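So you can see what is in the structure, the chains are spelled out below.
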Amino acid sequence: MRDIKILHTTFGILGDVFGLLLFMAPMITFKRIIRKKSTEQFSCMPYLISLLQCLLSAWYSLPFVSPNNLLVTVISAIGIGLEATYVLIFLIFTPKKGKAKICGYLFVVLSIFSSLALVSMLAFHGNKRKLFCGFAFAAACIMMYGSPLSVMRLVIKSKSVEYMPFFLSLSVFINSTSWLIFALLGKDPFIFVPNAAGTILGAVQLILYAVYHDKKGEVKKDEINESVDQMSTGKLQDEKIVDIQNENANP
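None of the values given here were measured: they were computed from a predicted structure.

A. Spatial organisation of the overall build of the protein chain. In terms of regular secondary structure, the protein chain is built from 11 helices and zero strands. Taken over 251 residues, the protein chain has a buried fraction of 45%. A sequence separation of at least 24 residues applies to 79% of the contacts in the protein chain between residues at least 6 apart. Summed over all atoms, the accessible surface of the protein chain reaches about 13200 Å², with 71% contributed by carbon and sulfur.

B. Expanded view of unusual backbone geometry. At K37, a residue that is not glycine, the phi angle is positive and equals roughly 55 degrees. Not every positive phi belongs to a glycine, and K187 is a case in point at roughly 55 degrees. Of note, K187 is situated in the loop between α8 (166–186) and α9 (189–212).

C. Here's a closer look at the environment of V193. Positionally, V193 belongs in helix α9. In this structure the C-alpha to C-alpha distance between V193 and A138, which are 55 residues apart in sequence, comes to 7.1 Å.

D. Quick peek at a nonpolar patch on the surface. A contiguous nonpolar surface patch, about 350 Å² in accessible area, is contributed by M45, I49, Y105 and M143. Assignment of secondary structure puts Y105 in helix α5 (residues 96–123).

E. A look at the packing of aromatic side chains. Throughout the structure, instances matching the rule amount to 12 aromatic pairs. Centroid distance F30 to Y86: 4.6 Å. Interplanar angle 10 degrees. Geometry classified as stacked. Within this pair, whereas F30 is found in helix α2 (residues 27–36), its partner Y86 is found in helix α4 (residues 70–93), the two being separated by 56 residues in sequence. The same class applies to F30 as to Y86, namely buried. Plain terms: the ring middles of Y47 and F90 are 5.7 Å apart, the flat faces sit at 40 degrees to each other, and that makes the pair tilted. With Y47 in helix α3 (residues 45–60) and F90 in helix α4, the pair connects residues that are 43 residues apart, well separated along the chain. As far as the burial class goes, Y47 and F90 line up, both buried. Three or more aromatic residues joined by ring pairs form one cluster here, namely F30, Y47, Y86 and F90.

Conventions and cut-offs
- The residue numbers shown here count from 1 along each chain, following its written sequence.
- Only residues with pLDDT of at least 70 are given local features in this predicted model, and only at 80 or more are side-chain atom pairs given and counted; all residues enter the totals for whole chains, interfaces and linings.
- Hydrogens and waters are ignored; side-chain quantities use all the structure's heavy atoms.
- Runs of H or I in DSSP of at least four residues are treated as helices and runs of E of at least two as strands, each being numbered from the N terminus.
- The buried label applies to any residue whose accessible area, calculated with a 1.4 Å probe on protein chains only, is under 20% of its type's maximum; exposed applies above 50%, and partly exposed to all values in between.
- Throughout, a residue-residue contact means that at least one pair of heavy atoms, one from each residue, lies within 4.5 Å.
- Each accessible area is a Shrake-Rupley estimate made with a 1.4 Å probe; only the visible protein chains count as cover when residues are assessed.
- Candidates for patches are residues over 30% relative accessible area with no salt bridge; among them, like charges are joined within 9 Å and nonpolar side chains (Val, Leu, Ile, Met, Phe, Trp, Tyr) within 5 Å.
- Criterion for a salt bridge: a side-chain nitrogen of Lys or Arg within 4 Å of a carboxyl oxygen of Asp or Glu.
- Classification of ring pairs rests on two measures: the distance between centres of Phe, Tyr or Trp rings, Trp counted by its six-membered ring, which must be within 6.5 Å, and the angle between planes, read as stacked under 30 degrees, edge-to-face over 60 and tilted in between.

The following block contains the structure:
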């Protein structure tokens, strides 16, 4: 029993470490946004979805909802801080016409979270509260882990891993696997299910990298940096290609 608790804590710590790396990956793009004082064609939606996922994850992991998930609370709190910062940067550098739209989406995200939290407190108790919050949390996690599907489709179509960095794919796989084992040891199906999906998607990304990495063409440093963020946020690659073409047309 003691060994299981030690392993449970160990894999939770690993999940926190690799989860932090994933949350920090978009900093490359935000450095560019701050430098250029423009959000260009980047989308704020992935960060809003991630913010909702972190809020629901933090709520689910609180002791009065789901005990023994302190490490989930820690990484979720860090994620809330980082994702909120990313959204704030978007609000600062987005043109005036776009600010209202982002504020509207942010209001929806906060309303969804507040409503779910309020209902869970007033209408459910004990295990029913855990079930209600767990389903909401798992659904948000699956949405977040499903975001790289567009990148994987591009890799297969182009037969190139130019837009799918190896170390980010490896981090997704290790992060999901760590939380998967954490959930197995803690017997928590709501952490297990979305991270099982994340582990499978991470493994597929690594397989695609093994198949197509020798076919990758020469890539500019700035393009690689942008692809890291697009992999972590699920931004559509056609926007990236249009952006590159515009840069080439205006040297």
